[in-house]
Structures are given as C-alpha cells and as structure tokens.
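Spelled out from the first residue to the last, the chains are:
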Amino acid sequence: MKITIVCANGRAGKLILEEAVNRGHEVTAIVRNNRDLPDTVNIIEKDLFDITLNDVKSSNVVINAFGAWTEETLPSLPAATKHLSDILSGSDIRLLVVGGAGSLYVNPEHTLCVEDGPDFPDIFKPVSAAHGETLRALRVRNDVLWTYLSPAGDFQADGIRSGKYILGGEELTLNSKGESVISYADYAIAMVDEAENGNYIQKRFSVVADY
C-alpha cells in the first residue's frame, strides 16, 4: 500500500510513519524540513499548503498529521484539512485525519461534548475548537473519502506501545479501568489499521487504550 503522511516529522506523524514502514508499506513523507527521517521513505520537502494533487496522486491514503497549539497557528488546523480535501476532491485517494477528543459526545443524544464539561481545562479549549471546526467541515464533504480519528481524552505522547486498543465511535469510550487514555504509539497502530482496512470512510471513530 502507498501511504503519504503529511507533517511526518511531528510527534504523531513520526510514530505513524514508523508503524507504516514497519508493516512494509511504501511511505512518502511530506515535511517542511527533513529532520532525521529514515532513508526507507520517499521525502518531499514542501509546505503543507503548497501540496498539489500531483504530489500525492500515486497514494492510496493520505494521512494528515498536522498539529497546532498556538493562537497564531490554530486557524491552520481546519485550513490544512480543507486544503487536502480540496486537492483530493473526487478522487479515490482516502484522507485520514489526526483529530481531537474534545468533540466526542458524552450523552446518547449527541448534544453534549467532552469540551462542554465543567472540568474541561480552559487551556485546551482553543485547540479543541479548532479540531471541532475541522470535523464539522469534513462531515459535509461528500466529495472526499475522509476518516477522522479521535484519540482518547488523555493523549500521551510518551506513553507505552501496548499494541492493543479498543475501538469507539462518536461517544467518549472508557477502558476497563474507567479511563480515557491512549499513547501516541497505540494511536498510530489504529491509524495504520484504518489505512489498511478502510472501515470508517466518511465517518469519525475513536480509540482508547486496552490496559
């Protein structure tokens, strides 16, 4: 399988790349600057917003691992996915997006989200809002084979790679310990599983650690 990873040297992108390479996929990394990427991948040095269909036309899947945290960069979260959606519009190339957890629902009616809770930290609200905007924009894109993968509430960059996870849907899912947690490494496993299987086309799903 041919997989292109956008922002492949970020914290999530690097682990997704490693997972895909270890499974024997042909991987292309699109990065602004090549920092310690393995020689086993194809590398395109280009700004995300300069990516064209020609750059990804041989791919089966494009994974958007772009991340943003600052006030200045947060508008680029939905803009990045829109740009990739626009260039993939009408094609059979699937777009997988590294999403957020704040938009996961916490009631069966799907009227309340994690980010609406009184204990949701203020510091994460701008990031959650940007991820939510991205998801809402994808939901109306019938011209793109998109998938949005939300992590658990506690998304741990340095967490262990257990090799196991529990699939969830639109609602916040807890594991057997009553926790909503997953490592970046286990999230990467779930992302590459979805790249291979295509079970959630034009849908959002979520994952939580199975430990």
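The structure presented is a predicted model; accordingly, all values stated were derived computationally and were not measured.

Cut-off values and rules
- Residues numbered from 1 in each chain as written.
- Predicted model: local features only at pLDDT ≥ 70, side-chain atom pairs only at ≥ 80, totals over all residues.
- Heavy atoms only, no water.
- 1 Å grid on protein atoms, 1.4 Å probe; cavity = no way out; pocket = protein on both sides within 12 Å on 5 of 7 lines; lining within 4 Å.
- Points joined across faces, edges and corners; volume = space filled by probe spheres on them.
- Helix = DSSP H or I, 4+ residues; strand = E, 2+ residues; numbered from the N terminus.
- Nonpolar A, V, L, I, M, F, W, Y, C, P; charged D, E, K, R; others polar.
- Axes fitted to C-alpha atoms, helices over the stretch in contact; angles between N-to-C directions.
- Parallel < 35°, antiparallel > 145°, perpendicular 65-115°, else oblique.
- Left-handed = near helix turned anticlockwise from the far one by under 90°.
- Contact = heavy atoms within 4.5 Å.
- Pairing = 2+ DSSP bridges.

This part covers the layout of surface pockets. Any space left empty among the atoms is revealed by the rolling of a water-sized probe across them. Taken as a whole, the largest pocket spans an internal volume of roughly 1100 Å³. Broken down by secondary-structure element, the contributors of at least two residues to the lining of the largest pocket are α1 (11-22), β2 (26-31), α4 (125-139) and β7 (154-156). With three residues, the top contributor of residues to the lining of the largest pocket is α4. Across the lining of the largest pocket, the residue classes break down as 22 nonpolar, 12 polar and six charged.

Let us look at the packing of α1 against helix α5 (residues 184-197). Where α1 meets α5, the closest approach of the two axes is 8 Å, and the angle between their N-to-C directions is 55°. It follows from the interaxial angle that α1 and α5 lie oblique. The crossing of α1 and α5 is right-handed. Each of Arg-11, Ala-12, Leu-15, Ile-16, Glu-19 and Ala-20 in α1 lies in contact with α5, whose residues at this interface are Tyr-184, Ala-185, Ala-188, Ile-189, Met-191 and Val-192.

The strand order across the open sheet built from eight strands is β3-β2-β1-β4-β5-β6-β10-β8, with neighbouring strands paired in mixed fashion. Only two strands of the sheet have a single partner each, and these edge strands are β3 (42-45) and β8 (165-168). Across this sheet, the average inter-strand angle for adjacent strands is 20°, counted without regard to direction. Pairing geometry for strand β5 (residues 94-98) and strand β6 (residues 145-150), over five bridges, is parallel. In the sheet register, Val-98 faces β6, and the bridge partner there is Leu-149. In the packing of α4 onto the sheet, contacts are made with β5, β6 and β10 (203-209), and the angle to β6 comes to roughly 150°. Across the sheet, α5 lies against β1 (2-6), β4 (61-64), β5, β6, β8 and β10, angled at about 165° from β5, the strand it touches most.

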